[in-house]
Each structure stands twice: as C-alpha cells, then as structure tokens.
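Coordinates in review
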Amino acid sequence: MDGIGNMISMFDYMLNTKRKRHITGGFLLSMSLLFGGLALTVFTIGNEEDVDE
C-alpha cells in the first residue's frame, strides 16, 4: 500500500497547477483517440480478409 500512496502523491505533485492538468488531460485524450483509431483499423482490416477468402 505504501507504493500506491507514493504514486498518488507523485501524481498530485506533478499535476498541482491547472495548466499541467490541462496539458496532461489533452495528452491522455489524444492517446486514447490514437489507440481507438488503431483498434478500429485492425477490426475493419480483419473483416475484409475474411470476405476475400
């Protein structure tokens, strides 16, 4: 439990200003959209390969 407490404390220190929280939120949103688009691409490519065979 001490490790989790240290990690929460570290995140609290890193995100102590509104600007840092805004930048971090934008970065996380961008990464989620990137991986969501990648997953959608993989699923649609998989469906096309099944139709061709």
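These numbers come from a predicted model, not from an experiment.

Moving on, we get to the overall build of the protein. A tally of regular secondary structure across the protein gives two helices and zero strands. Residues counted as buried form 0% of the 53 residues belonging to the protein. By element, 68% of the accessible surface of the protein is carried by carbon and sulfur atoms, the whole surface being about 5,100 Å².

A separate point is a nonpolar patch on the surface. A contiguous nonpolar patch, built from M7, M10, F11, Y13 and M14 and spanning about 540 Å² of accessible area, is present on the exposed surface. Relative to the helices and strands, F11 resides in helix α1 (residues 2-14). On the basis of relative accessible area, F11 is assigned to the partly exposed category, the value being 40%.

Along the polypeptide, N16 turns up in the loop between α1 and α2 (18-52). Since its relative accessible area comes to 44%, N16 is described here as partly exposed. Among the polar contacts made by the side chain of N16, one reaches the side chain of K20 at a distance of 3.4 Å.

Conventions adopted
- Residues numbered from 1 in each chain as written.
- Predicted model: local features only at pLDDT ≥ 70, side-chain atom pairs only at ≥ 80, totals over all residues.
- Heavy atoms only, no water.
- Helix = DSSP H or I, 4+ residues; strand = E, 2+ residues; numbered from the N terminus.
- Buried < 20%, exposed > 50% of the residue type's maximum accessible area, 1.4 Å probe, protein only.
- Areas by Shrake-Rupley, 256 points an atom, 1.4 Å probe, with all protein chains shown as cover.
- Patch = residues over 30% accessible without salt bridge, like charges linked within 9 Å, V, L, I, M, F, W, Y side chains within 5 Å.
- Salt bridge = Lys/Arg side-chain N within 4 Å of Asp/Glu carboxyl O.
- Polar contact = N/O pair within 3.5 Å; in protein donor to acceptor, adjacent residues only side chain to side chain.

Any functional reading would require information that these geometric values do not contain.
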